[in-house]
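Residue-level structure breakdown
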Amino acid sequence: MSGMISPFQMKKSRVVSFEFNQSESTDEYESRKVSFGADYEIAEVKEVDGILQSDLHLLIEMTGKTDTEEELFQIRLDIMGVFEGESAQMNQERFLSMIKINGISTLMQLSRAYVTASTALSGFVNPIRFPMVNVYELVKRKESSI
């Protein structure tokens, strides 16, 4: 069993901020268009007693509009995870790579559940389900823009 446990772990997560503005649509509309954006920020990696540690913030922004461009809703979510890795089994470069792929993927799934539940509870007939995200492409775009 111990061989199955990864030396990379998420120790905790929390929603740092969540902003949800829902407009009352006066017109009937046939469809809605949802724009989706994602970004991330990784804090400086620290090593304490053989444990690498860093915080990852995943930033999600979504806007929904009707087919006539009337804004229906806007969502902004900042969710943070604290990640740790055993320095005996990975160096800092490998740890950062794990955060970028596994950390973002994990927080993306938590974000998806949070947004779906929040919109379901706020009266949406069809709760918002945002798309699967190609994390490799997100990282690639972020790194090429820096």
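Anyway, here's the lowdown on the structure attached to this text. (Residues numbered from 1 in each chain as written. Predicted model: local features only at pLDDT ≥ 70, side-chain atom pairs only at ≥ 80, totals over all residues. Heavy atoms only, no water.)

**Observations concerning helix 2 (residues 135-145)**
Test applied: Only protein chains enter the accessibility calculation, which uses a 1.4 Å probe; a residue is then buried when its area is under 20% of its type maximum, exposed when over 50%, and partly exposed in between. Every helix listed is a DSSP run of H or I at least four residues long, and every strand listed is a run of E at least two residues long, numbered separately from the N terminus. To be clear, the arc concerns the directions from the helix axis to the C-beta atoms. Note on definitions: a residue-residue contact is assigned when non-hydrogen atoms from the two residues lie within 4.5 Å.
Within helix 2 the residues assigned to the buried category are Val135, Leu138, Val139 and Lys142. Down the axis, helix 2 shows its buried residues gathered within 95° of arc, on one side only. Away from its buried face, by an angle of more than 90 degrees, helix 2 presents the exposed residues Tyr136, Lys140, Arg141 and Ser144. For helix 2, the secondary structure elements touched by its buried residues are strand 2 (32-42) and helix 1 (92-121).

**Here's the deal with the pairing of strand 4 (residues 51-66)**
Applied cut-off: Strands were regarded as paired on the criterion that DSSP finds at least two bridges between them.
Sheet topology note: the strand 2/strand 4 ladder contains 11 bridges and is antiparallel. In the strand pairing of strand 4, Ile42 is matched with Leu56. Across three bridges, the pairing between strand 3 (residues 46-48) and strand 4 is antiparallel. Bridging across to strand 4, Glu47 finds its partner in Leu52. Linking two consecutive strands that pair antiparallel, namely strand 3 and strand 4, is a turn of two residues; a positive phi of about 50° is found at Asp49 within it. Two strands pair when backbone bridges link them, and strand 4 and strand 5 (residues 71-86) are joined in this way by 15 bridges, in the antiparallel orientation. Within strand 5, the residue paired with Ser54 across the bridge is Phe83. Counted between consecutive antiparallel strands, the loop separating strand 4 from strand 5 contains four residues, among which Glu69 sits at a positive phi close to 70°.

**Structural notes on unusual backbone geometry**
Here the phi dihedral of Asp49 falls at roughly 50°; this positive angle occurs in a residue that is not glycine. With respect to the helices and strands, Asp49 occurs in the loop between strand 3 and strand 4. Note on Asp49: relative accessible area 77%, which makes it exposed. For Glu69, which is not glycine, the phi torsion reads 70° and is therefore positive.

**Overview of the packing of aromatic side chains**
Counted only if it meets this: By convention, a stacked pair of Phe, Tyr or Trp rings (six-membered ring in the case of Trp) has centres within 6.5 Å and planes under 30 degrees apart, an edge-to-face pair has planes over 60 apart, and any other such pair is tilted. Placement of a positive charge over a ring is assigned whenever Lys NZ or Arg CZ falls within 6 Å of the ring centre and within 35 degrees of the normal to the ring plane.
The final tally for this structure, using the stated rule, is five aromatic pairs. Considering the side-chain rings of Phe8 and Phe83, the 5.4 Å spacing of their centres and the 10° angle between planes classify their relative orientation as stacked. Highlighted residues: Phe8 in strand 1 (residues 8-22) and Phe83 in strand 5, separated in sequence by 75 residues. Across this residue pair, the class does not change: Phe8 and Phe83 are buried. Members of the aromatic cluster, each reached through a chain of ring pairs, are Phe8, Phe83 and Phe95. Positioned above the aromatic ring of Tyr40 is the side chain of Lys142, whose terminal nitrogen or guanidinium carbon lies 5.0 Å from the ring centre.

**Things to note about the pattern of salt bridges**
For the record, the criterion: The working definition used for a salt bridge is a side-chain nitrogen of Lys or Arg within 4 Å of a carboxyl oxygen of Asp or Glu.
This model, assessed by the stated rule, comprises six salt bridges. Taking the shortest distance from any N to any O, the salt bridge between Glu69 and Lys33 comes out at 2.3 Å. Here Glu69 is found in the loop between strand 4 and strand 5, whereas its partner Lys33 is found in strand 2, with 36 residues between them in sequence. Across the pair Asp39 and Lys142 runs a salt bridge whose closest N-O atoms are separated by 2.9 Å.

Keep in mind these values describe shape, not function.
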